[in-house]
Amino acid sequence: NPKYLKKSAKRLAKLQKDLSRKQKGSNNRKKAKIKVAKLHEKISNQRKDMLHKVSTQLINENQVIVIEDLKVRNMVKNHKLAKSIADVSWSEFRRMLEYKAKWYSRKIIVAPSNYASSQLCSDCGNQSSQTKDLSCRTYICPVCGMIMDRNINASKNLLKLAI
Ligand SMILES: [Zn+2]
């Protein structure tokens, strides 16, 4: 996720500040409004372009793709996560993966939303709640001692589920 919004956020904040300082109904206000709208459009296009590239690459390189049924709506309620999730556009990405999978006869498997992909040890299957805390980036299994990046561990569990 290149976080286009983040990069453009400063510029957007400046343009919005400029806009708020213009007198209502003035020509300068109209111009400032157009500038804000244009930047929003640019960010949206950059994001779409990136999502298209990544989804096409994934579809080209894989016969089967396993995704999690993330409850985006619930996650967006969490303010810390909201911005970065909106930035990545999960729902749009999933939509692209699904229709491209149809075009190229690929299979998309959706893991059930109650599947604890990040809490299971991909080696011994033990379940541990340590990764419920999103700041915990490494899975350390208290049973078999396996140590792995949380996302790689979760991916291995999703692969097992798919197989
Ligand atoms: Zn283990």
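Above: the structure in question.
Residues numbered from 1 in each chain as written. Predicted model: local features only at pLDDT ≥ 70, side-chain atom pairs only at ≥ 80, totals over all residues. Heavy atoms only, no water.

Caption draft 1: Examining the packing of aromatic side chains more closely. Throughout the structure, instances matching the rule amount to 2 aromatic pairs. With centroids separated by 5.0 Å and ring planes inclined at 50°, the aromatic side chains of Y99 and W103 adopt a geometry described as tilted. With a gap of 4 residues between them, Y99 and W103 both fall in helix 5 (residues 90-103), about one helical turn apart. For Y99, a relative accessible area of 23% corresponds to the partly exposed category. Their ring planes at 70° and their centres at 6.3 Å tell us that W103 and Y104 sit as a pair that is edge-to-face. Taken together, Y99, W103 and Y104 form an aromatic cluster joined through their ring pairs. (Phe/Tyr/Trp six-rings, centres within 6.5 Å; stacked < 30°, edge-to-face > 60°. Helix = DSSP H or I, 4+ residues; strand = E, 2+ residues; numbered from the N terminus. Buried < 20%, exposed > 50% of the residue type's maximum accessible area, 1.4 Å probe, protein only.)

Caption draft 2: Structural view of the coordination of the zinc ion. Every protein donor of the zinc ion is accounted for by C121 (SG), C124 (SG), C141 (SG) and C144 (SG), and the metal-donor separations fall at 2.3 Å. Bound by 4 donor atoms, the zinc ion shows angles of 107 to 115° at the metal and therefore tetrahedral coordination geometry. Spacing between the donor residues of the zinc ion along their common chain follows C-x2-C-x16-C-x2-C. With C121 in the loop between strand 2 (107-111) and strand 3 (138-140) and C144 in the loop between strand 3 and strand 4 (147-149), this residue pair connects regions lying 23 residues apart in the sequence. (Donors = N, O, S within 2.8 Å, 3.2 Å for Na, K, Ca; no water. Tetrahedral: all angles 85-135°; square planar, octahedral: opposite > 155°, others 65-115°.)

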